[in-house]
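# Descriptive analysis of the structure
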Amino acid sequence: ENSDQSSNTNDVIVQTSTPPDANTNSNKLAVNGDSSISTFKSADDDETMTRKDSTIIALTAVGVILAFVGLIAAGGPGAWRYYLAGGICAASSHAITTPIDVVKTRQQVDSTYKERGMVASTLKLVKDEGFQTLLAGLGPTVFGYLLEGAVKFGVYEVLKPAVGRFLSWAAAASSISFLSSRYLGYIICGLFSGVAASAMLCPMEALRIRLVAEPKLARKGWIHGGLKMFKNEGSRGLWKGLNAMMCKQVPYTVTKNVSFDFLTTVAYATTVNLGYAITAKTKFAIPFLCAVAASVLSCISSQPGDMLLSVVNAHEGEKRVRDFSKEITKKEGVKGFFVGIQARFLHVGIIVTVQLLLYDFVKRLCGIAATGLASG
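What counts and what doesn't
Residues numbered from 1 in each chain as written. Predicted model: local features only at pLDDT ≥ 70, side-chain atom pairs only at ≥ 80, totals over all residues. Heavy atoms only, no water. Salt bridge = Lys/Arg side-chain N within 4 Å of Asp/Glu carboxyl O. Helix = DSSP H or I, 4+ residues; strand = E, 2+ residues; numbered from the N terminus. Buried < 20%, exposed > 50% of the residue type's maximum accessible area, 1.4 Å probe, protein only. Contact = heavy atoms within 4.5 Å. Axes fitted to C-alpha atoms, helices over the stretch in contact; angles between N-to-C directions. Parallel < 35°, antiparallel > 145°, perpendicular 65-115°, else oblique. Left-handed = near helix turned anticlockwise from the far one by under 90°. Nonpolar A, V, L, I, M, F, W, Y, C, P; charged D, E, K, R; others polar. Phe/Tyr/Trp six-rings, centres within 6.5 Å; stacked < 30°, edge-to-face > 60°. Lys NZ or Arg CZ within 6 Å of the ring centre and 35° of its normal. Core = buried A, V, L, I, M, F, W, Y, C linked by side-chain atoms within 4.5 Å. Polar contact = N/O pair within 3.5 Å; in protein donor to acceptor, adjacent residues only side chain to side chain.

### So, the pattern of salt bridges
In the structure shown here, the tally under the stated rule is 16 salt bridges. With a closest N to O distance of 3.1 Å, Asp 306 and Lys 104 form a salt bridge. Of the two residues, Asp 306 sits in helix 11 (residues 282–313) while Lys 104 sits in helix 4 (residues 98–109), which places them 202 residues apart along the sequence. In this structure Lys 104 comes out as buried when scored by relative accessible area, which is 1%. The closest approach of N and O atoms between Glu 205 and Arg 208, which form a salt bridge, is 3.0 Å. Within this pair, Glu 205 and its partner Arg 208 are both found in helix 8 (residues 182–213), separated by three residues, close to a single helical turn. According to the relative accessible area criterion, Glu 205 is buried, its value standing at 1%. Here the residues in one salt-bridge network are Asp 101, Lys 104, Glu 205, Arg 208, Lys 248, Asp 306 and Arg 344, joined through shared partners.

### Brief notes about the environment of Tyr 82
Relative to the assigned elements, Tyr 82 resides in helix 3 (residues 80–96). Residue classification places Tyr 82 among the buried positions, given a relative accessible area of 19%. Along the backbone, Tyr 82 and Ile 72 are 10 residues apart, and their C-alpha atoms lie at a distance of 9.3 Å.

### Observations concerning the environment of Val 102
Considering the arrangement of structural elements, one finds Val 102 in helix 4. For the pair formed by Val 102 and Leu 138, sequence separation is 36 residues and the distance between their alpha carbons is 9.5 Å. Once you skip the residues sitting within four places of it in the chain, Val 102 turns out to touch Leu 125, Thr 133, Leu 134, Ala 136 and Val 212.

### Overview of the packing of helix 3 against helix 13 (residues 341–365)
At a minimum axis distance of 8 Å, the contact between helix 3 and helix 13 shows a crossing angle of 150°. Classified by the angle their axes make, helix 3 and helix 13 are roughly antiparallel. The hand of the helix 3/helix 13 crossing is right-handed. Contacts between helix 3 and helix 13 involve Tyr 82, Ala 85, Gly 86, Cys 89, Ala 90, Ser 92, Ser 93, His 94 and Ile 96 from the first element and Ile 350, Ile 351, Val 354, Gln 355, Leu 358, Tyr 359, Val 362 and Lys 363 from the second. Grouping the constituent residues of the contact of helix 3 with helix 13 by class yields 11 nonpolar, five polar and one charged.

### Remarks on the packing of aromatic side chains
Applying the stated rule across the entire model yields seven aromatic pairs. A ring pair is formed by Phe 166 and Trp 169, whose centres lie 5.9 Å apart and whose planes are at 35°; its orientation type is tilted. Highlighted residues: Phe 166 and Trp 169, both in helix 7 (residues 138–174), separated by three residues, approximately one helical turn. Among the aromatic residues, those joined into a ring-pair cluster are Tyr 156, Tyr 183, Tyr 186 and Phe 262. Taking NZ or CZ as reference, Lys 160 lies 4.5 Å from the ring centre of Tyr 186, over its face.

### Remarks on the side chain of Glu 148
Structurally, Glu 148 is set in helix 7. Glu 148 gets classed as buried once you look at its relative accessible area, which sits at 0%.

### A look at the nonpolar core
Core analysis: the largest hydrophobic core is formed by 21 residues, its most contacted members being Phe 260, Val 352, Leu 356 and Tyr 359. The set of elements that each furnish at least two residues to this core consists of helix 3, helix 10 (242–273), helix 11 and helix 13. Top element by residues in this core is helix 13. It accounts for seven residues. When neighbours within four sequence positions are excluded, Tyr 359 is seen to be in contact with Tyr 82, Ala 85, Gly 86, Cys 89, Phe 153 and Glu 157.

### Side note on the side chain of Lys 160
Within the secondary structure, Lys 160 is located in helix 7. Separated by 3.0 Å, the side chains of Lys 160 and Asp 261 make a polar contact. Residues contacting Lys 160, with those up to four places away along its chain left out, are Tyr 186, Cys 189 and Asp 261.

Pasting the structure below:
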């Protein structure tokens with residue numbers, strides 16, 4: 001019996017005195033002899049930036065640049081002005097409203113905040129997690145909406161002449177005068193630009209929502225968090241919300257762009273018909289009021305899609321958009337799709353108003369007529 005015990009002494013695993021904590025992985029190395037030790041490897045060691053990670057970032061950047069060069073070239077001379085104005089206004093307007101977006105997202109994905117108001121949720125979030133939590137996802141927000149805004153406004157404006165010519169031909173060929181409607185053309189342009197913007201924004205919005213829902217993912221920066229998300233879930237994790245993204249972005253883009261075009265055109269025409277001159281003050285007041293109206297309309301039309309987008313990207317797993325949609329409908333009915341809309345009225349109201357004012361201003365700086373006057 002003693003000999004059996006002594007024969008097993010070399011198989012004993014000697015553990016380090018420091019036990020693994022919540023952030024540590026236990027990797028036991030059982031080796032015969034005195035060299036047998038158990039090591040604990042920190043999870044942070046697996047999160048260092050590798051050469052492969054750097055290559056992925058570089059290739060992604062090159063791909064995005066080439067895609068934009070192709071889009072701008074296809075748009076013809078001067079098209080770059082729409083892409084520039086769109087990118088600047090979208091990135092700026094979404095950046096300044098990041099804290100509101102963080103609170104809105106937490107209300108949608110965290111039951112602790114769901115029944116609280118905007119102010120109460122903000123105060124609790126700051127108290128529990130610190131003020132810096134309100135800036136979660138700022139990086140992917142700025143980068144994502146820089147690309148999204150450029151595509152959304154650029155494609156929308158560049159397509160207008162081509163779609164207008166096609167509809168005029170279709171109206172003449174079919175004798176259906178409605179097909180030549182300018183605003184039907186705008187709606188079609190909005191649909192195309194909304195789909196294109198959704199594809200461009202989807203990965204960054206998925207990352208933004210995950211950073212808000214899981215703050216620990218951002219402890220080494222949003223780029224590192226994105227790579228970790230990519231490693232854990234693959235490209236599917238970044239793209240699984242595409243259908244929900246289109247449910248949000250397509251009605252949002254169509255409503256915002258078309259209503260702003262329509263309202264500014266009517267407002268400028270009415271001002272001229274009443275005998276008033278179009279002054280610098282007029283070119284601020286009309287876009288401002290029309291932008292506020294467009295923000296309310298676009299917020300309502302895109303709220304169900306925004307709710308779906310939040311719950312889809314906040315969770316890992318194989319559940320699809322339709323699964324979450326059925327779940328929300330079963331538990332809360334239609335009102336379940338409008339959770340967080342109060343925060344979103346403030347959020348979208350600021351975003352759209354600032355965005356459309358900036359867009360109109362940058363366009364004019366680039367030599368393009370003010371929205372509404374250009375089509376009037």
